[in-house]
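Architecture at a glance
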Amino acid sequence: MPARETEAIILKTFPLGEADRVVSFLGRTSGRLRGVAAGARRLKNRFGSTLEILSHVQIWYVERETRELVRIQQAEPLESLHKAQSDYGLSTGLAVISEIAEMVLPEHEVSEAMFRLILLAAREIERTGNWELPLTYFAFWTVRLGGWLPRFDRCAACGAVFASGPAFYSPHRAGLFCEKCRRADMKPMHRDARELAERFAGERLDRIAFERSMQSSAGELRRAAFAWIELNAERRLNTPELLETP
Ligand SMILES: [Zn+2]
């Protein structure tokens, strides 16, 4: 089989045997694939640092008809995320993006929108040295692109328009709800978090400046987006609890 080539984002890797690594990557023209990088665990290997989490690379691979894993021949870096990848606090933000991408992207399915979104969020973590806004934007847009975003202006149960008070979201039920329809397991999303969602819908991440005053609204919006992602994937995310505030 001839080698294929694609621009790709490395999602995660894990060891295989003594010398190799299994690599999950999102190819711009291939969708999400898993492959074996032979020799990648050896001290001196041809992959260098290209297989780090969320690395943006050009990748060459060979498909094998009878096996699930492709064979990765080569990877070349396209840009550096060195600061974010080598800082523990920042890399926890990258890890959440990676886990969500793995969870929501079906294998072999090309997603140009998700490819661009992951790249934008990772670059902004690298550029700003802070994951709060990029990760929140990423989670919001993942929900939106997935078609799981509830209405932000009225209650999903009774249709009442939200006033200036909080709306509520549930880990067990899609939608945002009003005070009257609120159940015990629901958490609040205040007006400033709903307004941040509106900004995210209309402005590019790299044009929004993060201010400390946005911290709590970003946190609320992010946790709601995580809940909607988990609800739709019917699985729990593990990495958000590792997040270290920058
Ligand atoms: Zn209601």
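A quick note: this is a predicted structure, and the numbers were derived from the prediction, not measured. (Residues numbered from 1 in each chain as written. Predicted model: local features only at pLDDT ≥ 70, side-chain atom pairs only at ≥ 80, totals over all residues. Heavy atoms only, no water.)

**Thoughts on the nonpolar core**
Our working rule: Within this scheme, the nonpolar core is defined by two criteria: the residues are buried Ala, Val, Leu, Ile, Met, Phe, Trp, Tyr or Cys, and they are joined through side-chain atoms within 4.5 Å. A simple rule labels every residue: compare its accessible area, found with a 1.4 Å probe on the protein chains alone, to the largest value its type can have, and call it buried under 20%, exposed over 50%, or partly exposed in between. Segments assigned H or I by DSSP are reported as helices when at least four residues long, segments assigned E as strands when at least two residues long, and all are numbered from the N terminus. Note that the domain bounds were set by an automatic or database domain assignment. Contacts are assigned to residue pairs that have any heavy atoms within 4.5 Å of one another.
If you look at the biggest cluster of nonpolar residues, it comprises 60 residues, and the most contacted ones within it are Leu 54, Ile 118, Phe 138, Met 189, Phe 200 and Leu 221. Residue contributions to this core peak at nine residues, all from helix 3 (residues 112-128). When we break this core down by domain, the ones giving at least three residues each are domain 1 (4-79) and domain 2 (83-242). Setting aside anything within four residues of it in sequence, one finds Met 189 in contact with Phe 152, Pro 166, Ala 167, Phe 168, Tyr 169, Leu 176, Arg 194, Glu 220, Leu 221, Ala 224 and Trp 228. Formed by 15 residues, the second largest nonpolar core is a distinct cluster that contains Phe 25, Leu 33, Val 70 and Ala 75.

**Concerning the environment of Leu 43**
Tracing the backbone shows Leu 43 in the loop between strand 3 (31-37) and strand 4 (56-62). When the C-alpha atoms of Leu 43 and Ala 19 are compared, they prove to be 9.3 Å apart, with 24 residues separating the residues in sequence.

**So, helix 3**
Selection criterion: Here, expected helix span is obtained from the residue count minus one, scaled by 1.5 Å.
Compared with an ideal rise of 1.5 Å per residue, which puts 17 residues at 24 Å, helix 3 spans 24 Å between its outermost C-alpha atoms and is within 8% of the ideal. Within the sequence span of helix 3, burial applies to Met 114, Phe 115, Leu 117, Ile 118, Leu 119, Leu 120, Ala 121, Ala 122, Glu 124, Ile 125 and Glu 126. Among the residues trailing helix 3, Gly 129 stands out with phi positive, at a value near 65°.

**Observations regarding the coordination of the zinc ion**
For a metal with four tetrahedral donors the ideal donor-metal-donor angle is 109.5 degrees, whereas six octahedral donors ideally subtend 90 or 180 degrees. Heads up, the rule is: For Na, K and Ca the donor cut-off is 3.2 Å, while for other metals it is 2.8 Å, and in both cases only N, O and S atoms qualify; water is not among them, so sites may look incomplete. Each label reflects the angles at the metal, where four donors whose angles all fall between 85 and 135 degrees are tetrahedral, four or six donors whose opposite pairs open beyond 155 degrees and whose other angles stay between 65 and 115 are square planar or octahedral respectively, and the rest are irregular.
Around the zinc ion, the protein supplies Cys 155 (SG), Cys 158 (SG), Cys 178 (SG) and Cys 181 (SG) as donor atoms, at distances of 2.3 Å. Relative to the metal, the four donor atoms surrounding the zinc ion lie at angles of 106 to 116°, and the coordination shape comes out tetrahedral. Written as a sequence motif, the donor residues of the zinc ion are C-x2-C-x19-C-x2-C. Of the two residues, Cys 155 sits in the loop between helix 4 (132-146) and strand 6 (167-169) while Cys 181 sits in the loop between strand 7 (176-177) and strand 8 (187-189), which places them 26 residues apart along the sequence. Relative accessible area serves as the criterion here: at 4%, Cys 155 is assigned to the buried category.

**Things to note about the domain arrangement of the chain**
The accessible area lost on association of the parts is a frequent measure of interface size. This is how the line gets drawn: Each of two parts loses accessible area, computed with a 1.4 Å probe, when they are put together; buried area is these two losses added.
If you check the domain split of the chain, you get domain 1 (4-79) and domain 2 (83-242). Once you take the C-alpha centre of each, domain 1 and domain 2 turn out to be 28 Å apart. Taken residue by residue, the interface counts 21 residues in domain 1 and 20 residues in domain 2. Between domain 1 and domain 2 the total buried area reaches about 1900 Å² when both faces are included, carbon and sulfur atoms providing 59% of it.

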